[in-house]
Structure formats: structure tokens, C-alpha cells
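The primary structure of each chain is shown beneath.
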Amino acid sequence: MNLYIINHGFHYELENLARLFYPNEKITVIKSPEALEPPYIATELSDKLSVSVKIGEYQRSSSAALGGDVENERMLCEMLYKILVDLTEITPPWGMITGVRPVKLYRALKSAEGEENADKYYRDKLFVSDEKLRLVKITEKVEKRIIDLSSPKSFSLYIAIPFCPSRCRYCSFVQSSTERSAKLIEPYVKLLCEEIERTAEIVSGLDLRLETVYMGGGTPTTLSPEQMDTVLSAVNRSFDVSGLREFTVEAGRPDTVTAEKLISIKENKVKRISINPQTLSDSVLEAVGRRHTAEQFFRAFELARKIGFDSINTDLIAGLPTDTVEGFRSSLDGVIALDPECITVHALSMKRSATLTQDGTSIDRDDALRAGEMLSYAANRLTDSKYIPYYLYRQSRMVGNLENTGWSKKGFESLYNIYVMDETHTILGCGAGAVTKLKRFGTNYLERIFNFKYPYEYIDRFEELIDRKNGIYTFYDKYGLNF
């Protein structure tokens, strides 16, 4: 499908909007065309705003008077949205929202114009459904209490372990399977500890305050108990953790969880872990290339409880290939029966680099409807079970244009998840693929420092990576801590 952009620069939002309705289509953006070649969407800014669509036998046009730049973009999107709803008979639950952070957008609107006007804008200008607006409003109130804990000196630390025992078919993260990269783990761990130490030296010189630590991946529990202890000890030794509010380690794959690893994690002051089944159906696990069973998840969860972890998150994914609404309900009910402190419900995202996408798997209207029914069941069931939505985000190419939501018991919300999604304060990243996000507190201004993505790059170019981190000094020298 051709997307024509004529006399304006709003192609990003219009392309994302078109993809909501045509997730499996290749959309080619063309600027200043000589002629319109169907199937096409044509958008133009001249003495008025206009949108025309010709797809198969369907042909429709719409126009509107000019406004300011922001309103021109929104109006072009609105005209296209209404045409595509008419054409496809699909009404996305998030309306025209294509961005990652709908709660942050709502918070900004509420702060500027009040809650009533924010609600009206979401309903009447963005066409968000009442169900999703309620979810946003509840989540925003929970988030605000935690965001208000942060100060100009606050920062969080992210530690990347980019190794997994194998690659799941839906995964698009940069990671290396231990089947191929086992020899890199030991040198990686050694340099990661050095990066942690060097980062801590910078923090000490700037008098920043560590709020949360999150070790993610990949699968951190791919490391041996000794390697896990080495990395976690480096954090506790290098940073001032006396005021630490939260320390999380993803023990994501149940097949990597052992008593020795959990004891190492527990002894290093980690209070919160994640053990993620994604589904409790062994046949669905097999279909997505996840090499563990539901029984392994139950054993890993029970083991974590016995060792003393009283803050455990579990992840589920709605919309996995071969799963059914009844199967998802059974998985969610099974997880709730374990009484974890947090349950994160994701909607499947069909990323370009994921094996599922590369193999030609696509999502259709029935897939979207099934995933939507799964998330609606989750919201009702979790609410009835006294869980509250505490953070929410969206990704591109999500089945049904849906969302990922973290649900928790009161008092067990993950602060790190909220801080990173809201972009509340500085996040310092250590490890391959980690991104340092330097936040000018009280504003929306961010600067980023990127680490090398792949473990072999991280190892080979380590000193170059460390040199980049001097940019942290530069940032705080320029902006200081009091704004």
C-alpha cells in the first residue's frame, strides 16, 4: 500500500495509524508523487487539509480547514481514522493513539487542562474507548503517588544480561543464546562489573541518589550462581544502597531457576523477582519455542517462596499463536491461584525481527478480537482479585492495537517499571544493549548514551563504551541538579 505525503511532514503518525488497520501490509511512504497509484492513502496540506483513500473498489475523500501545526496533524489523522474505520469496520480500542505512553500523555493533559477536559480529549479527539480510558485513569493515579517520590538527585540503575538459554519465537530483543555464546559469558561478566564500578564512581562524584535497581535481559538467571553473585555483589559494593527502594532481578525463564541461584539473589539484598510462564499451556509454549513446561514454572515459583521471596511478578502474553480465549483464561486463573504480588499481562507484539514474523506469521481480525477478549477478561478477573493496574505501555505492531499492563497488590507496585515508562528521572544503563537516559528533572528533556548492542561488541570495544559515559558528567555539569 502507498501512503502519499504531500506538502507536510506528518508521515510518522499517519504511517502508524495506517498500520493499525493493516498490520500485515507493507506500507510505502512516498513524498511529492507525480501520480497516485492504488491501493493508496493520500494526505495533503494546501489551502486545506485533505485525505483520500482508494483500496480495491473502495474510494473515499475528506477535507477540513487548516489549523495550527499540531491540530493539522491531528485532523489529518482523524480524517484518515474515520475513513479506515468505515472501510475495515474495525474500531481500535485505543482510537487514534499509536504512542507508547498513553498514561503519560493523559497525565500531561490532566495537569494542563484538568481531568474533565483530559477525559473529553481522549474520548472526542482521540476516540479512546471508555474501557481503555478507565484503565488509563486508574493507572495514572497509582503512578502519580510513586512518581512523586522522585527528586532531582534520583536515578535508577539498569543492568543488562543479554543471554538466554534459547530464543523464543516472539522475541525481538538483542540477546545471545547460550547454545551459541556460552564462551562470552565469563568475559562479559568481568567487564560488566567494571562498568558498574566505573558508573558508581561517576554517581559518587555527582552526589546522585540510587532509587531502584533492575537486572533484566535476556534472562539474568542464565548466569551461574557464582556469576550472579559476582554481578550483584559489584552493585552492592560499588553503590550506596542505603536508600534503595527496590531491587529486582528477572528470573524470567523457569527452566533457569535453581535453589542456588535464588539463594545468591536473596543474599545480595534483592527483594523482587520475576518468574514468567507466559502461558500455562504446554502446547502453546512449544508453539512459541519456549523450552520449559508449566510444571517447571510451578516448581520454580514454589521454590522462590520457600527461599523467602515475598514479592514475585509473573508475566502472561495474550494472543500467542495457537492459544484460545479459554486457554488464556485458564492460564490467568492458574497464576492468580498462586497469589503472586504482581501479574503483568502483555499483548503479543509482532516485531519485524521476531522469528514468528520472519516465518510469515500474520495477525488478522479474529486474532485481534481474541486478544481483546483475553485482556478484557484479565482486567475484570484481576480487579475482582484485588490487583490494581500500576503501569501501562504500548508497542508497535501489537495484536489488536492493545497494551501491556502491570497489575499488583497494593504496595507491591514496581517503582522501576513506572520510572522507566514515565521517564521520571535518570536511568543509568550497564551492559550490552543498555541505554543511559539522562533526564533534566521537571522537564521532558532527555539525552541518551547507547552501549554497544551485542556481547562481542561490548567486550571488544569496552574502553570506547566507558569513554562515552563521561557524557554523564557533561550533562550534569550543564544542567545541574536543581531546576
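Preceding this section is the structure that the text describes.
Residues numbered from 1 in each chain as written. Predicted model: local features only at pLDDT ≥ 70, side-chain atom pairs only at ≥ 80, totals over all residues. Heavy atoms only, no water.

### Regarding the overall build of the chain
Inclusion rule: The helix and strand labels rest on DSSP assignments: H or I over at least four residues marks a helix, E over at least two residues marks a strand, and numbering proceeds from the N terminus. For this measure, only C-alpha atoms enter the radius of gyration; the expected value for a globule follows 2.2 Å times N^0.38, where N is the number of residues. The method behind every accessible area is Shrake-Rupley, applied with a 1.4 Å probe, and residues are considered shielded solely by the protein chains displayed. Residues scored as positive are Lys and Arg, those scored as negative are Asp and Glu, and His as well as the terminal groups of each chain are ignored. Charge positions come from single atoms, namely NZ of Lys, CZ of Arg, CG of Asp or CD of Glu.
Summing up its helical and strand segments, the chain has 17 helices and 18 strands in all. Against the compact-globule benchmark of 23 Å for 483 residues, the chain has a radius of gyration of 23 Å, which places it among compact chains. Referenced to the eigenvectors of the C-alpha coordinate spread, the extents of the chain come out at roughly 65 × 55 × 45 Å. Of the roughly 20,800 Å² of accessible surface on the chain, 48% is carried by carbon and sulfur atoms. A gap of 2 Å separates the mean positions of the 62 positive and 68 negative side-chain charges of the chain.

### Structural notes on the side chain of Arg 253
The cut-off we apply is this: What makes two residues a contact is simply this: any of their non-hydrogen atoms within 4.5 Å.
Looking at the element boundaries, Arg 253 is found in the loop between strand 10 (246–250) and helix 8 (259–267). Other than its neighbours up to four places away in sequence, Arg 253 contacts Pro 165, Ser 166, Cys 168, Thr 219, Arg 290, Arg 291 and His 292.

### Comments concerning the sheet that holds strand 4 (residues 49–55)
The line we're drawing: Paired strands, as defined in this entry, are two strands with at least two bridges between them according to DSSP. Axis lines are fitted through C-alpha atoms, for helices just across the contact stretch, and the angle between N-to-C directions can take any value from 0 to 180 degrees.
Ordered in space as 2-1-3-4-5, the 5 strands form an open sheet in which the pairing is mixed. Either end of the sheet is taken by a strand with one partner, and the two such strands are strand 2 (28–31) and strand 5 (58–64). Shown here is a sheet whose adjacent strand axes are inclined to one another by a mean of 15°, direction ignored. In this structure, strand 1 (residues 2–6) lies alongside strand 3 (residues 40–45), joined through 5 bridges in parallel fashion. Note on strand 3: the bridge partner recorded for Tyr 4 is Ala 42.

### Side note on the nonpolar core
The criterion, for reference: To form a nonpolar core, buried Ala, Val, Leu, Ile, Met, Phe, Trp, Tyr and Cys residues must be joined to one another through side-chain atoms within 4.5 Å. For every residue, the accessible area (1.4 Å probe, protein chains only) is compared with the maximum for its type, and the residue is labelled buried under 20%, exposed over 50%, or partly exposed between those bounds.
One finds Leu 157, Ile 159 and Phe 239 to be the most contacted residues of the largest nonpolar core, which totals 150 residues. Ignoring sequence-local partners within four residues, the contact set of Phe 239 consists of Phe 155, Leu 157, Ile 196, Thr 199, Ala 200, Val 203 and Leu 210.

### What about the packing of aromatic side chains?
How we decide: Pairing of aromatic side chains requires ring centres within 6.5 Å, counting the rings of Phe and Tyr and the six-membered ring of Trp. Pairs whose planes differ by under 30 degrees are stacked, by over 60 edge-to-face, and all others tilted. Here, a charge over a ring is recorded when the distance from Lys NZ or Arg CZ to the ring centre is within 6 Å and its angle to the ring normal is within 35 degrees.
Counted by the stated rule, this structure contains 19 aromatic pairs. Ring centres 5.5 Å apart and planes at 50° place the aromatic pair Phe 297 and Phe 298 in the tilted group. Between Phe 475 and Tyr 476 the ring centres are 5.2 Å apart and the planes differ by 85°, which places this aromatic pair in the edge-to-face class. Exposure class is identical for Phe 475 and Tyr 476. Each is buried. If you follow Lys 266 out to its NZ or CZ, it ends over the ring of Phe 309, 5.2 Å from the centre. Across from the ring centre of Phe 452, 4.3 Å away, lies the NZ or CZ of Arg 468, which sits over that ring.

### Observations regarding the pairing of strand 16 (residues 426–430)
Judged by how many residues are buried, strand 16 sits mostly within the fold: 5 of 5 residues are covered. Burial along strand 16 is two-sided: Thr 426, Leu 428 and Cys 430 facing one way and Ile 427 and Gly 429 facing the other are all buried. Sheet topology note: the strand 6 (residues 154–161)/strand 16 ladder contains 5 bridges and is parallel. Paired with Phe 155 across the bridge in strand 16 is Thr 426.

### Focus: unusual backbone geometry
Each neighbour pair has its own omega, and for Pro 38 with Pro 39 the value is -5°, a cis peptide bond. Notably, Lys 269 is not glycine yet its phi reads approximately 75°, a positive angle. Position of Lys 269 relative to the elements: it lies in the loop between helix 8 and strand 11 (272–274). Positive phi values are uncommon outside glycine, yet Asp 339 reaches one of about 65°.

### Examining the pairing of strand 14 (residues 388–393)
The buried count for strand 14 comes to 5 of 6 residues, which makes it a mostly enclosed element. Here strand 14 runs beside strand 15 (residues 404–408); their pairing, made up of 5 bridges, is antiparallel. Its bridge partner being in strand 15, Pro 389 is matched across the sheet by Trp 407.

### Quick notes on the pattern of salt bridges
Pairing between side chains of opposite charge can happen when their charged atoms approach one another. Put simply, the test is: Salt bridge criterion: a side-chain nitrogen from Lys or Arg within 4 Å of a carboxyl oxygen from Asp or Glu.
A full pass over the atoms with the stated rule returns 34 salt bridges. Lys 132 is paired through a salt bridge with Glu 403; the nearest N and O atoms lie 2.9 Å apart. Of this pair, Lys 132 sits in helix 5 (residues 130–147) while Glu 403 is found in the loop between strand 14 and strand 15, placing the two residues 271 residues apart along the sequence. One exposure class covers both Lys 132 and Glu 403, and it is buried. Among the salt bridges present, the one from Arg 381 reaches Asp 333, with a minimum N-O distance of 2.8 Å. With Arg 381 in helix 13 (residues 365–384) and Asp 333 in helix 11 (residues 325–337), the pair connects residues that are 48 residues apart, well separated along the chain.

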